[in-house]
Amino acid sequence: MKLSLLPLSVASLLTLASCATEKQTPTLKDHFADDFLIGAAINMNHVKGLDPGSDSIVRRHFNSIVAENCMKCEEIHPAEGTYFWDDADAFVDYGVRNNMAIIGHTLIWHSQLAPWFPVDSTGAYVSADVLKERMRDHITTVMTRYKGKIKGWDVVNEAIEGDGSYRKSPFYEILGEEFIPLAFQYAHEADPDAELYINDYGMNMPAKREAYVRLVNDMKSKGLRVDAIGMQSHMGMDYPDFKEFEESIEAFASTGCNVMITEWDMSALPTISRSANVSDSVVYNTLFNPYPDGLPADIADRWNSRMDSVTDIFLRHKDVITRVTAWGTHDGMSWKNDFPMKGRVEYPLLFDRDCNLKPFMQNRLDNASDRQI
Ligand code: 9MR
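Everything numeric in this text was worked out from a predicted model, so none of it was measured. (Residues numbered from 1 in each chain as written. Predicted model: local features only at pLDDT ≥ 70, side-chain atom pairs only at ≥ 80, totals over all residues. Heavy atoms only, no water.)

Observations regarding the overall build of the chain
The cut-off we apply is this: Runs of E in the DSSP output that reach at least two residues are strands. Runs of H or I that reach at least four are helices, and both are numbered from the N terminus. Buried means the residue's accessible area, taken with a 1.4 Å probe over protein chains only, is under 20% of the maximum for its type, while exposed means over 50%, and partly exposed covers the values in between. In what follows, a contact means two residues having at least one pair of non-hydrogen atoms within 4.5 Å. Surface accessibility follows the Shrake-Rupley procedure with a 1.4 Å probe radius. Residue values consider only the protein chains on display as shielding. Under the counting rule used here, the positive set is Lys and Arg, the negative set is Asp and Glu, and His together with the chain ends is not counted. In this description, the location of a charge corresponds to atom NZ of lysine, CZ of arginine, CG of aspartate or CD of glutamate.
Looking only at helices and strands, the chain features 13 helices and nine strands. Dimensions of the chain, computed from the C-alpha atoms along their principal axes, are close to 75 × 45 × 40 Å. For the chain, with 373 residues in total, the buried portion stands at 54%. Contacts spanning at least 24 positions in sequence make up 78% of the contacts within the chain whose residues lie at least 6 apart. Surface exposure of the chain reaches about 16,100 Å², of which carbon and sulfur atoms provide 51%. Distance between charge centroids for the chain: 2 Å, based on 37 positive and 55 negative side chains.

Quick notes on the environment of Arg167
Here Arg167 lies in the loop between strand E4 (150-157) and helix H8 (170-175). Every residue in contact with Arg167, bar those within four places of it in the chain, is listed here: His110, Glu158, Ala159, Ile160, Glu161, Tyr172, Tyr201 and Asn277.

What about unusual backbone geometry?
Geometrically, the link from Tyr239 to Pro240 is a cis peptide bond, its omega value of -5° lying close to zero. With respect to the helices and strands, the residue Pro240 is situated in the loop between strand E7 (234-235) and helix H11 (242-253). Here the residue pair Phe339 and Pro340 is connected by a cis peptide bond, since its omega of 0° sits within 30 degrees of zero. Its location among the elements puts Pro340 in the loop between strand E9 (321-326) and helix H13 (359-366). Its identity is not glycine, yet Gln112 carries a phi of approximately 55°, on the positive side.

Examining the packing of aromatic side chains
Our working rule: Ring geometry is summarised as follows: Phe, Tyr and Trp rings, the Trp one being its six-membered ring, pair when their centres sit within 6.5 Å, and such pairs are stacked at plane angles under 30 degrees, edge-to-face over 60 and tilted between the two. For a ring to carry a charge above it, either NZ of a lysine or CZ of an arginine must fall within 6 Å of the ring centroid while also lying within 35 degrees of the normal to the ring plane.
Applying the stated criterion across every chain, the model contains twelve aromatic pairs. Ring centres of Tyr83 and Trp85 lie 5.0 Å apart, and the angle between their planes is 5°; this geometry places the pair in the stacked category. Assigned by exposure class, Tyr83 and Trp85 land together as buried. Among the aromatic residues, those joined into a ring-pair cluster are Trp116, Phe117, Phe171 and Phe179. Between Arg353 and the ring centre of Tyr347, over which it is positioned, the NZ or CZ distance is 5.2 Å.

Some thoughts on the environment of Glu173
Mapped onto the fold, Glu173 is located in helix H8. Residues Glu173 and Ala124, spaced 49 residues apart in sequence, show a C-alpha to C-alpha distance of 12 Å. When sequence neighbours within four positions are dropped, the list of residues in contact with Glu173 reads Tyr125 and Lys168.

Notes on the pattern of salt bridges
For clarity, the cut-off: Here a salt bridge means any side-chain nitrogen of Lys or Arg lying within 4 Å of a carboxyl oxygen belonging to Asp or Glu.
This model, assessed by the stated rule, comprises 17 salt bridges. Put simply, Glu247 and Lys243 hold a salt bridge, and the shortest N to O gap is 3.0 Å. With Glu247 and Lys243 both in helix H11 and four residues apart, this pair spans about one turn of that helix. As a salt-bridge pair, Arg344 and Glu346 come within 3.9 Å of each other at their nearest N and O atoms. Using a relative accessible area of 0% as the deciding quantity, one classes Glu346 as buried. Three or more residues are tied together by salt bridges with common partners; here these are Arg209, Lys243 and Glu247.

Regarding the site of the ligand
Note the cut-off: The rule for a residue being near a molecule or strand is that one of its heavy atoms must lie within 4 Å of it. In the analysis that follows, any N or O atom pair within 3.5 Å is treated as a polar contact, provided that within protein one partner can donate a hydrogen and the other can accept it, and provided that, for residues neighboring in sequence, both atoms belong to side chains. Put simply, Ala, Val, Leu, Ile, Met, Phe, Trp, Tyr, Cys and Pro go in the nonpolar bin, Asp, Glu, Lys and Arg in the charged bin, and everything else, Gly too, in the polar bin.
Around the ligand, the structure places 15 residues, and the nearest of them are Glu68, Lys72, His105, Glu263 and Trp327. Within the side chain of Glu158, a nitrogen or oxygen atom sits 2.9 Å from a nitrogen atom of the ligand. Interatomic distance of 3.1 Å between a side-chain N/O atom of Gln232 and a nitrogen atom of the ligand. Tallied by class, the residues present in the shell around the ligand amount to five nonpolar, six polar and four charged.

Concerning the pairing of strand E6 (residues 228-231)
The line we're drawing: The handedness of a crossover follows from its direction of travel: if, with the strands pointing away from the viewer, the path from the first strand over the helix to the second runs clockwise, the crossover is right-handed. Here, any two strands with at least 2 DSSP bridges between them count as paired.
By the alternation rule, side chains of E6 split into Ala228 and Gly230 and Ile229 and Met231, which are all buried. Each parallel crossover has a hand, and for strand E5 (residues 195-200) linked through helix H10 (residues 206-221) to E6 it is right-handed. As judged from the four bridges shared by E6 and strand E8 (residues 258-266), these two strands associate in the parallel manner. Pairing of Met231 across the sheet is with Ile261, part of E8.

Following this line, the structure appears as structure tokens:
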């Protein structure tokens, strides 16, 4: 029988019962409401309605989203003077409709850079002046389109190597170290109300940490605004060193910036590479895909316990950590299934392939009597 045909009192009781159940089931965003924003990277399958599992996870549990791919230079600005807005517009509309804190990713990055961007018609690097003009145009055009809708941008991504030296990207090769302050200057001019972030992986590494602290302090001393340092936090079963990771949070906070955990996941499989650089991929080898039919209980326990410890670290530093974003929703859609080796079955995210919250976090939610639900 349709609900509307039931006698009013029975219908209301049923409605009330389902609302009550809903209200009593804690969500991540309620659980962490007093701590930090809790976000997820989402892709176009999700935005286009082809991944209903991800959609319900995000709408129920998260209050922030970041564009996994659709705002990268090669996607949004594939040719000089040609912008492709459809996907990014749909992503932003989804975030606005669902009242999310929307994060833009990413303006200046060596990877997924549109091939035309740093070169002229002969394929040679453009001059410093031409590259500056292209950077300014790209940053201004993209940020202006989403002004008032995007909370903050990853302005520069992955600019420093593990040893603290500058990555020899086209931006660096043409402009030297100056490309980073310039990017922040252009971004501030484009949208003074948007937050501006610098973001990288492997941020636990002491040499990299020191390089970022120096860089951010230097930019601040020149009057440039950097609102947060993003620690991507792609983790594994044997990295990062948690002590180093925590020391990095403290060091980044010492610059006066906020800290954001921007791309959190933890591989449950044997480590092949600690990098998050997509060009570091390896050929398929079954040895590196040991659990195609499910994670053995002892490994799952160890994974949950490590993720629980990481969550403790985030909470210990909630005074400076303003956002924690997972790099995806459920295990089935994670980039880690294809990196560093295609065709792996990975288990790195907060929700499993059936969209169930993983035990370590479910326990936190269930046992949080003192927290808001
Ligand atoms: O998850 C992203 C994957 O779908 C893309 O193929 C890849 C290349 O664009 O980028 C992945 O996201 C990366 C992010 O943009 C920057 N930090 C590392 C992430 C994982 O490689």
